[in-house]
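Understanding the architecture of this molecule
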Amino acid sequence: MTDTAGKQLLHLVFGGELENLDSYDFKDLSKLDIVGIFPNYASASAAWKAKSQATVDNAQMRYFVVHLHRLLEPHQG
């Protein structure tokens, strides 16, 4: 799968339980949930949404999408 420009734009989806809602500090780094690496934002967003909805009862649990392609090629914006 590739984006419409024909280039993979890798995204990481992960989450975990936060210490409090005012920071991004996790309670236990060994328990981070690495959902996966996806070839485009659309598929990463779908995975993020599914995991977020599955953990909606835990207010401390948060999932994130990281734009890996921006880290791999920082000179491109």
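What this report covers is the structure whose coordinates are included nearby. No experiment lies behind these values; they were computed from the predicted model shown. (Residues numbered from 1 in each chain as written. Predicted model: local features only at pLDDT ≥ 70, side-chain atom pairs only at ≥ 80, totals over all residues. Heavy atoms only, no water.)

On to the environment of N40, then. Mapped onto the secondary structure, N40 falls in the loop between β2 (33-38) and α1 (41-54). Judged by relative accessible area, which is 6%, N40 ranks as buried. In this structure the C-alpha to C-alpha distance between N40 and L10, which are 30 residues apart in sequence, comes to 5.7 Å. (Helix = DSSP H or I, 4+ residues; strand = E, 2+ residues; numbered from the N terminus. Buried < 20%, exposed > 50% of the residue type's maximum accessible area, 1.4 Å probe, protein only.)

Summarising burial for strand β1 (residues 11-17): six of the seven residues are buried, a large majority. Pairing of β1 with β2 involves five bridges; the strand directions are antiparallel. Along β2, the bridge assignment pairs H11 with F38. (Pairing = 2+ DSSP bridges.)

Let's shift gears to the packing of aromatic side chains. Summed over the entire model, instances satisfying the criterion amount to four aromatic pairs. With a centroid separation of 5.6 Å and 75° between ring planes, the pair formed by Y24 and F64 is classed as edge-to-face. Note that Y24 is positioned in the loop between β1 and β2 and F64 in strand β3 (residues 61-67), a separation of 40 residues in sequence. Between F26 and F64, the aromatic rings sit 6.2 Å apart at their centres with planes inclined by 90°, giving edge-to-face as the arrangement. Separated by 38 residues along the polypeptide, F26 in the loop between β1 and β2 and F64 in strand β3 bring together distant segments of the chain. Looking at F26, the relative accessible area reads 15%, which means it is buried. (Phe/Tyr/Trp six-rings, centres within 6.5 Å; stacked < 30°, edge-to-face > 60°.)

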